[in-house]
Amino acid sequence: MPLVLYNTLTRQKEAFEPLNPSAVGMYVCGPTVYDRAHIGNARPIIVFDVLYRLLKRLYPSVTYVRNITDVDDKINARAKENGEPISALTERTTRMFHEDIAALNALPPDIEPRATAHIAQMIAMIETLIDKGHAYAAEGHVLFSVPSMPDYGCLSRRSQDELVAGARVEVAPYKKNPADFVLWKPSSDDLPGWDSPWGRGRPGWHIECSAMSAQYLGKTFDIHGGGQDLVFPHHENEIAQSRCAHGQPFARYWVHNGHLMVEGEKMSKSLGNFFTVRDLLEQAPGEAIRLCMLSTHYHQPLDWTNEGLKQARQAMDRFYTALRNAEDVEAVGREELPLEMLAALEDDLNTPLAIAHLHELAGALNKAASPEEKARAKGRLLAAGDALGVLQQDPEHWFKWSAAGGDVDEIEIESLIRQRMEARKARDFALADRIRDDLAARGILLEDGAGGTTWKRA
RNA sequence: GGCCGGGUGGCAGAGUGGCUAUGCAGGGGACUGCAAAUCCCCGUACAUCGGUUCAAUUCCGGUCCCGGCCUCCA
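Residues numbered from 1 in each chain as written. Chains lettered and ligands numbered in written order. Predicted model: local features only at pLDDT ≥ 70, side-chain atom pairs only at ≥ 80, totals over all residues. Heavy atoms only, no water.

**What about the packing of helix α6 (residues 207–217) against helix α7 (residues 231–246)?**
Working step 1: Across the interface, α6 lies against α7 with an axial gap of 8 Å and an inter-helix angle of 50°. Our classification of the angle between α6 and α7 gives oblique. Regarding α6 and α7, the two cross each other, and that crossing is right-handed. Of the residues in α7, those touching α6 at I207, C209, S210 and A214 are H234, E238, Q241, S242 and H246.
Working step 2: Grouping the amino acids of the contact of α6 with α7 by side-chain chemistry returns three nonpolar, five polar and one charged. (Axes fitted to C-alpha atoms, helices over the stretch in contact; angles between N-to-C directions. Helix = DSSP H or I, 4+ residues; strand = E, 2+ residues; numbered from the N terminus. Parallel < 35°, antiparallel > 145°, perpendicular 65-115°, else oblique. Left-handed = near helix turned anticlockwise from the far one by under 90°. Contact = heavy atoms within 4.5 Å. Nonpolar A, V, L, I, M, F, W, Y, C, P; charged D, E, K, R; others polar.)

Pasting the structure below:
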């Protein structure tokens, strides 16, 4: 079965046929680096990481481009607020972003272009748009002329009349049409700016993605992804800029992840349900966060709850328990993705179904009778986990994870376990149970297995 | 108002025109000194009203709810 993706452009699932199967390209809108990544930012990172892993499995060469937006008015405002140079803010935030998403097992993209390193390409593109009659300069600004593109609105399915009728903002006097959007705007001396044919200024938001995707993936490329909220205006405007400048199709498949709610409510700072990835990493291991994120289909809204995170962690415990109990055998066939797993992912990234398969594979491993069967079952579970970006660490490491700051003394625990073993041998179960209870009170759970006693954090 | 998604068992969450996932929680059993983990068994759900059909949770239409987006928020 071929890969099928829901394409926002056509509003239906379509078989994915790359332009060039030996060079697949994917562009995903990355972060604006002015603050820590929040949990909502993490969803596209994880979703498109799964897609990237799948594409790499299906095609010999995949180029994944995810930009860093390091010029933006929110950045300017935050830097001013902090009293620090803009570059200090963007560099620090970029570093923290990398740390946070690495903890979620997201592979780095092949190319991670920064907007400020591509100003020349943006200016060139804007000049082309002016030359072709799709843009005009006015009062130091350059605006894209929406009426110059007859099928503007094809992605979000809006007509130009609706846009004008629904416009909520005050229309700037230099706009010829209320729907026109900014390609370039002037900068005062205290703001970042670059020399341009229209004076010193800075780019509008949308142009960077058009310029950078063209540079690294070509004018027409396979997949463009991002959050659902970007469909309009950001992606609509990218399409307008790129198609009008290049005179050829832009991205062929548009993939958008749904939004995230927290405990049934929209996430917002005022409701106090706003979490950063960092906050979450202090409560749960990255893999649990990742599994939780993948347990709802990417296209659906996801309700992020404490209970959901707890269940994801329990599920990971179950998988790692199966692996820990199969420690004695070497996995066989771990490079080969089980077919049902591949089928689930190829069907528009059905990760909830894929996770169900993970449970079945863990059950099969638990039930495996012979060492040969066990080795094969272990290989299958590991391969399936790898497709989702989980289960690749040492089970012992997983079970000994502790929240940041909460140190456990492993030496002491091992010593207490030995004391308990002695007590059990002497049939002093009162003492043995007291040791177990004391450890439990400290969040350490003991499990007596055939091969001895193991422990894990509650 | 416009555009888009939804309403599935106690909860989460896939899926399907007839064979009714998966996990958690709950009940029973095996194993265990007792537990834990693991294994086995058990709970027959698809908002509502019509229609199509031999057969609909799944297709079509109406109704009622819920959510998102509508100019810089992933």
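**Quick look at empty space enclosed by the protein**
Working step 1: Applying the stated criterion to the full structure yields two cavities of 30 Å³ or more.
Working step 2: The computed volume of the largest cavity comes to approximately 40 Å³.
Working step 3: In terms of lining residues, the largest cavity is bounded by P285, R313, D317, W398, F399, W401 and R457.
Working step 4: Taken together, V47, M293, L294, T296, Y298, L349 and T351 make up the lining of the second largest cavity.
Working step 5: For the lining of the second largest cavity, the class distribution of residues is five nonpolar, two polar and no charged. (1 Å grid on protein atoms, 1.4 Å probe; cavity = no way out; pocket = protein on both sides within 12 Å on 5 of 7 lines; lining within 4 Å. Points joined across faces, edges and corners; volume = space filled by probe spheres on them.)

**Side note on the packing of aromatic side chains**
Working step 1: All told, the structure shown has nine aromatic pairs when counted by the stated rule.
Working step 2: The interplanar angle of 50° and the centroid separation of 5.9 Å between the aromatic rings of F250 and W254 together place this pair among those described as tilted.
Working step 3: Exposure remark for F250: the relative accessible area of 3% places this residue in the buried category.
Working step 4: Ring pairing ties together the aromatic residues F16, Y59 and Y253, which thus form one cluster.
Working step 5: Over the ring of F232 we find R158; its NZ or CZ atom is 4.1 Å from the centre of that ring.
Working step 6: Between K176 and the ring centre of Y136, over which it is positioned, the NZ or CZ distance is 4.3 Å. (Phe/Tyr/Trp six-rings, centres within 6.5 Å; stacked < 30°, edge-to-face > 60°. Buried < 20%, exposed > 50% of the residue type's maximum accessible area, 1.4 Å probe, protein only. Lys NZ or Arg CZ within 6 Å of the ring centre and 35° of its normal.)

**A short note on the pattern of salt bridges**
Working step 1: Summed over all chains, the structure comprises 26 salt bridges.
Working step 2: Between D222 and R252 there is a salt bridge whose closest N-O contact spans 2.9 Å. Here D222 is found in strand β9 (residues 221–227), whereas its partner R252 is found in strand β10 (residues 251–257), with 30 residues between them in sequence.
Working step 3: According to the relative accessible area criterion, D222 is buried, its value standing at 2%.
Working step 4: The class for R252 is partly exposed, based on a relative accessible area of 25%. (Salt bridge = Lys/Arg side-chain N within 4 Å of Asp/Glu carboxyl O.)

**Description of the layout of surface pockets**
Working step 1: The calculated volume of the largest pocket comes to roughly 1,000 Å³.
Working step 2: If you list the elements that add at least two residues to the lining of the largest pocket, you get α1 (39–58), α3 (86–102), β9 and β11 (260–262).
Working step 3: With five residues, α1 is the largest single contributor of residues to the lining of the largest pocket.
Working step 4: Class assignment for the residues of the lining of the largest pocket results in 15 nonpolar, 15 polar and eight charged.

**So, the sheet that holds strand β6 (residues 141–144)**
Working step 1: Spatially, four strands are ordered β5-β6-β7-β8 in an open sheet, and the strand pairing comes out antiparallel. Both outer strands of the open sheet, β5 (135–138) and β8 (201–203), are each paired with one neighbouring strand and no more. Neighbour-to-neighbour, the strand axes of this sheet turn through a mean angle of 20°, independent of strand direction.
Working step 2: This element, helix α4 (residues 119–131), spans β5, β6, β7 (181–186) and β8 of the sheet and lies at about 120° to β7. (Pairing = 2+ DSSP bridges.)

**Here's the deal with the environment of H259**
Working step 1: Mapped onto the fold, H259 is located in the loop between β10 and β11.
Working step 2: Take H259: its relative accessible area is 43%, and that puts it in the partly exposed class.
Working step 3: Through-space distance from the C-alpha of H259 to that of D409 is 41 Å; in sequence the pair is 150 residues apart.
Working step 4: Not counting residues within four places of it along the chain, the set of residues in contact with H259 comprises R43, Q228, D229, Q300, P301 and L302.
Working step 5: Of the polar contacts made by the side chain of H259, one reaches the side chain of D229; its length is 3.3 Å. (Polar contact = N/O pair within 3.5 Å; in protein donor to acceptor, adjacent residues only side chain to side chain.)

**Describing α3**
Working step 1: With 17 residues, α3 should reach 24 Å at 1.5 Å per residue; the first-to-last C-alpha distance of 24 Å fits that figure.
Working step 2: For α3, the full list of buried residues reads L89, T90, T93, T94, M96, F97, D100 and I101.
Working step 3: Structurally, α3 contributes buried residues whose contacts are with α1, β4 (62–66), α2 (73–82) and α8 (277–281). (Expected span 1.5 Å × (residues − 1).)

**Quick notes on the nonpolar core**
Working step 1: In this structure, L55, W304 and L388 are the most contacted members of the largest nonpolar core, which totals 84 residues.
Working step 2: Per element, the largest residue contribution to this core is eleven residues, and it comes from α1.
Working step 3: Counting residues domain by domain, this core receives three or more from each of domain 1 (4–261) and domain 2 (283–296 + 303–398).
Working step 4: Residues I207, F221, A240 and W254 belong to the second largest nonpolar core, which totals 38 residues. (Core = buried A, V, L, I, M, F, W, Y, C linked by side-chain atoms within 4.5 Å. Domains from an automatic or database assignment.)

**Some details on the environment of S148**
Working step 1: Its place among the elements puts S148 in the loop between β6 and α5 (160–166).
Working step 2: It is 7.4 Å that separates the C-alpha atoms of S148 and G133, two residues lying 15 residues apart in sequence.
Working step 3: Aside from chain neighbours lying at most four places away, what touches S148 is G133 and H134.
Working step 4: Within the local environment of S148, its side chain forms a polar contact with the side chain of H134, the two groups lying 2.7 Å apart.

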